[in-house]
Amino acid sequence: MEKNDLPESWELVSLSTIAKINPPKPSKDELLDNTLVSFVPMKSVEELTGKINLNETRKCGEVRKGYTYFQNDDILFAKITPCMENGKIAIADKLENRIGFGSTEFHVIRLKDKINPRFYFHYLIQDYFRNKAQHKMGGTAGQLRVSSNYMKDFLVPLPSIDEQGRIVEKIEKLFSKLNDTKNILDNVKLSLRLCKQSIEKSIFENLEKTCDLKNLDDVCIKINDGTHNSPPNFPKGKIPYITAKNIRPRKLDLSNITYISKEDHEKIFARCNPQKGDVLYTKDGVGLGYAVVNNLDFEFSLLSSVALLKPNRDILDSNYLMHFLNNPINYASMTKKSLGSAITRIVIHQIKAIQIPIPSLEKQQQIVSQIERGVPLIEHNEKIINFMFKKL
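Since the model is a prediction, treat every value here as computed from it, not as a measurement. (Residues numbered from 1 in each chain as written. Predicted model: local features only at pLDDT ≥ 70, side-chain atom pairs only at ≥ 80, totals over all residues. Heavy atoms only, no water.)

**Digging into the environment of Ser16**
Residue placement: Ser16 occurs in helix 1 (residues 15-18). Through-space distance from the C-alpha of Ser16 to that of Lys112 is 9.8 Å; in sequence the pair is 96 residues apart. Those residues in contact with Ser16 that sit more than four places away from it in its chain are Lys112 and Lys152. (Helix = DSSP H or I, 4+ residues; strand = E, 2+ residues; numbered from the N terminus. Contact = heavy atoms within 4.5 Å.)

The structure is reproduced here in structure tokens:
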């Protein structure tokens, strides 16, 4: 930024001209060891919002050494990668006894009198400043930091205190409108999600009242899972290795696929042999309970986090089975039955015992058509909403 870029009445000054960077801690006489203070680790500062979680307090004597000192109205600026790039910046406010201690990875910016902290918070959090700071970081990979000298020497605009206030007021009015827009979009997304769930829920609720229920084990030729001994896998190769992370409701995501050797594949495939038209069903982890029809024309191996279901095509349509497994009634039922704490899972005997309504094949195909007319339109609208969020 050059002086010529600024309004005539503004000055261009170094940040250290208008602020102390990392001011010293008060002495023990000024701040007693038994004084309660707010404690702010890096995780307590939200990215880009300027919000701080102030749930934690400590006695000053516990944190005086080894932590960064700050007080109300100081700006906390994360100096380490990736926190700096992600926008962990905030104004300290409502601190216990007006004092805080926190991560040593914060720079503290204490502005002088007649300087509006919110004006410089908005200035420092903008992409322009963070992008420039990123290119001046020093240190080793994973431990890159913005130096205090860089912060001190960086040139910032200095309007009058009245002008600072007017600019802050305009910025925060715009942010308020932006938040209102986000809330509206959130409500639209929720409505779309509920609409999608209600389509499937009503269909399968009605079927359960009018059709015979069968255990999956009775209408599938085979139900098992992938290997329980994960082989070495590599970013490149010939045989894809599919795990739960590659499966989403109704689609396979091969963007993060790994590969295994042909020898390992042949051992796994001899027991668990996914073919086109089979259904893959996640049984472990965060994505538990997602089903997709395999539409791939090539062989691949599965990890045990994915179950293989081979429907009896004479009585059970693959796409009907997929939609049944993904419908909110079955999804809620299976996630409720999941076992484990750190990694939740459902097991093969639970999958085999799932009860599914079995109308005629013609009726199943009609249901698939009904769902696939409505759901893609809803999902398309969800994509539009997500795109709009990114633009805000």
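**Section: the sheet that holds strand 17 (residues 279-282)**
Pairing is antiparallel in the open sheet, where four strands are placed in the order 12-20-17-18. Edge positions in the sheet fall to strand 12 (220-225) and strand 18 (291-293), since each has one partner strand and no second. On average, each strand axis in the sheet is inclined to that of its neighbour by 20°, with strand direction left out of account. Two strands pair when backbone bridges link them, and strand 17 and strand 18 are joined in this way by three bridges, in the antiparallel orientation. If you follow Tyr281 over to strand 18, its bridge partner there is Ala291. Along the sheet, helix 9 (residues 318-326) makes contact with strand 12, strand 17, strand 18 and strand 20 (306-311), crossing strand 18 at roughly 165°. (Pairing = 2+ DSSP bridges. Axes fitted to C-alpha atoms, helices over the stretch in contact; angles between N-to-C directions.)

**A word on the pattern of salt bridges**
Pairing between side chains becomes possible if they bear opposite charge and their charged atoms approach one another. Tallied over the entire structure, the rule returns 15 salt bridges. Notably, a salt bridge pairs Arg118 with Glu172, separated by 2.4 Å at the nearest N-O pair. Of this pair, Arg118 sits in helix 3 (residues 117-125) while Glu172 sits in helix 6 (residues 161-210), and the two are 54 residues apart along the sequence. Note on Glu172: relative accessible area 30%, which makes it partly exposed. Measuring nitrogen to oxygen at the nearest pair gives 3.7 Å for the salt bridge that ties Lys173 to Glu169. Taken as a pair, Lys173 and Glu169 lie in helix 6 at a separation of four residues, close to a single helical turn. Taking the relative accessible area as the measure of exposure, Glu169 reaches 46% and is therefore partly exposed. Counted as one network, the salt bridges with shared partners bring together Asp225, Arg271, Lys283, Asp284 and Arg345. (Salt bridge = Lys/Arg side-chain N within 4 Å of Asp/Glu carboxyl O. Buried < 20%, exposed > 50% of the residue type's maximum accessible area, 1.4 Å probe, protein only.)

**With respect to the side chain of His323**
The residue His323 is located in helix 9 in this model. Ignoring sequence-local partners within four residues, the contact set of His323 consists of Glu200, Phe204, Arg250, Val368, Ile371 and Glu372.

**Some points on the packing of aromatic side chains**
Taken as a whole, this structure holds eleven aromatic pairs when the rule is applied. Judged by centre distance (6.5 Å) and plane angle (50°), the rings of Phe129 and Tyr150 are tilted. Here Phe129 is found in helix 4 (residues 127-134), whereas its partner Tyr150 is found in helix 5 (residues 148-153), with 21 residues between them in sequence. Both residues of the pair, Phe129 and Tyr150, count as buried. (Phe/Tyr/Trp six-rings, centres within 6.5 Å; stacked < 30°, edge-to-face > 60°.)

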